[in-house]
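# Survey of secondary and tertiary structure
Chain by chain, the residues:
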Amino acid sequence: KQEVTQIPAALSVPEGENLVLNCSFTDSAIYNLQWFRQDPGKGLTSLLLIQSSQREQTSGRLNASLDKSSGRSTLYIAASQPGDSATYLCAVTTVGSSNTGKLIFGQGTTLQVKP
Amino acid sequence: KAGVTQTPRYLIKTRGQQVTLSCSPISGHRSVSWYQQTPGQGLQFLFEYFSETQRNKGNFPGRFSGRQFSNSRSEMNVSTLELGDSALYLCASSLGGWGNENTEAFFGQGTRLTVV
């Protein structure tokens, strides 16, 4: 059974810092991994999709890496801004017919960037 | 290009009542998945529909059901509401090619259900 863990659960940093969020998963047989952002009471915004055959993806100040064999992904945020304050969630799509259409989520990392 | 639309955004219902939530996926997307989000359990998968067929179902009681129409719009129904059903319900749409590593899920803004 796939399990996804995110560390740390919460993070508070001053503006301008570079930071790393961690995501680990127990079953390395995945199709892809997605990073999402969620603002309080809102839906999820897709940030990056890393295919299982890829090692990393970049979008602006965000860079996500994937090490499928070790079951780990990291989301790197450069030069953090107060507007980056949100909860960041990672989710995997696992191989297997019983996993069709199902994302397995971590519990999220709540980030606060102080001005 | 319009995103995923969920209606209504907020609902307040009484225990024992039933509720229907709606999700309109991105144009061209044929897969719709539903998730329940609570502070204690996080995001949990309810079910997924593709071309009007349920392809997968999570571990929720039979009070939770859904359907998908020919235009890919989906509805989720919860009968005999319990206090514990209070949650943010999110739907996600994708092209539907699960098994394809390019498949990306896009979420709506959610429906906040409060059961009193």
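Summarised in this report is the structure supplied together with it. By convention here, each chain's residues receive numbers from 1 onward along its written sequence. The order in which chains are written sets their letters, starting at A; the order in which ligands are written sets their numbers, starting at 1. Side-chain atom pairs in this predicted model are given and counted only at pLDDT of 80 or more, local residue features only at pLDDT of at least 70, and totals for whole chains, interfaces and linings cover all residues. With hydrogens and water stripped out, all remaining heavy atoms of the structure feed into the side-chain values.

Method remark: on a 1 Å grid restricted to protein atoms, a set of points is classed as a cavity if a 1.4 Å probe fits but cannot get out and as a pocket if it is open with protein on both sides within 12 Å along at least five of seven lines; lining residues have an atom within 4 Å of a point. Grid points are joined across faces, edges and corners, and a volume is the space filled by probe spheres set on the points. Counted according to the given criterion, the structure contains one cavity of 30 Å³ or more. Of the pockets and cavities examined, the largest cavity occupies roughly 40 Å³. What lines the largest cavity is simply Gly101(A), Leu103(A), Ser31(B), Ser33(B), Tyr35(B), Ala92(B), Ser93(B), Ser94(B), Trp98(B) and Ala105(B). Residue classes in the lining of the largest cavity are distributed as five nonpolar, five polar and no charged. Polar here means any residue other than Ala, Val, Leu, Ile, Met, Phe, Trp, Tyr, Cys and Pro, which are nonpolar, and Asp, Glu, Lys and Arg, which are charged; Gly is therefore polar.

Turning to the interface of chain A and chain B, a few remarks are in order. With 24 residues of chain A at the interface, the matching set in chain B holds 25 residues. Roughly 2000 Å² is buried in total at the junction of chain A and chain B, and carbon and sulfur atoms are behind 50% of that figure. The salt bridge criterion pairs a side-chain nitrogen of Lys or Arg with a carboxyl oxygen of Asp or Glu, the two atoms within 4 Å. Along the contact surface separating chain A from chain B lie zero salt bridges. N or O atoms closer than or at 3.5 Å make up a polar contact, with two conditions inside protein: a donor-capable atom paired with an acceptor-capable one, and, for residues adjacent in sequence, both atoms drawn from side chains. At the surface where chain A touches chain B, the tally comes to nine residue pairs in polar contact (both at pLDDT 80 or more). Helix and strand definitions follow DSSP, with helices as H or I runs of at least four residues and strands as E runs of at least two, each counted in order from the N terminus. Taken together, the elements giving at least two residues each to the side of chain A that touches chain B come down to strand S4 (30-38), strand S5 (44-51), strand S9 (86-94) and strand S10 (103-105) of chain A. When residues in the side of chain A that touches chain B are grouped by element, the largest group, five residues, is from S4(A). Residue classes in the side of chain A that touches chain B are distributed as seven nonpolar, 15 polar and two charged. By the convention used here, residues are in contact when the closest approach between their heavy atoms is within 4.5 Å. Buried area: the sum, over both parts, of the accessible surface (1.4 Å probe) that disappears when the two are put together.

Attention now goes to the nonpolar core. Side-chain atoms within 4.5 Å link the members of a nonpolar core, which is a set of buried Ala, Val, Leu, Ile, Met, Phe, Trp, Tyr and Cys residues. For every residue, the accessible area (1.4 Å probe, protein chains only) is compared with the maximum for its type, and the residue is labelled buried under 20%, exposed over 50%, or partly exposed between those bounds. With 24 residues, the main nonpolar core has Leu33(A), Trp35(A), Leu75(A) and Tyr88(A) as its most contacted residues. The set of elements that each furnish at least two residues to this core consists of strand S3 (19-25), S4, S5, strand S7 (62-67), strand S8 (72-77), S9 and strand S11 (109-114) of chain A. Residue contacts for Leu75(A): discarding those within four places in its chain leaves Leu19(A), Val20(A), Leu21(A), Trp35(A), Leu47(A), Leu48(A), Leu62(A), Asn63(A), Ala64(A) and Tyr88(A). One finds Val32(B), Leu81(B), Ala87(B) and Cys91(B) within the second-largest nonpolar core, a separate group that totals 21 residues.

Once that is clear, we can look at unusual backbone geometry. Between Ile7(A) and Pro8(A) the backbone carries a cis peptide bond, its omega angle lying at 0°. At the junction of Thr7(B) and Pro8(B), the peptide bond is cis and its omega measures out at -10° in the coordinates. By secondary structure assignment, the location of Pro8(B) is in the loop between strand S1 (5-7) and strand S2 (10-13). Positive phi, close to 45°, is recorded for Ala79(A), a residue that is not glycine. Its place among the elements puts Ala79(A) in the loop between S8 and S9.

Residue and element names in this part refer to chain B. Any pair of cysteine sulfurs within 2.5 Å is marked as a disulfide. Applying the stated criterion across every chain yields a total of two disulfides over all chains. Between the sulfur atoms of Cys23 and its disulfide mate Cys91 the distance is 1.9 Å. Its S-S torsion of about 70° marks the bond between Cys23 and Cys91 as right-handed, since a negative value means left-handed. With a gap of 68 residues between them, Cys23 in strand S3 (residues 19-24) and Cys91 in strand S9 (residues 87-94) connect regions that are remote in the sequence. Neither residue differs from the other here; Cys23 and Cys91 are each classed as buried.

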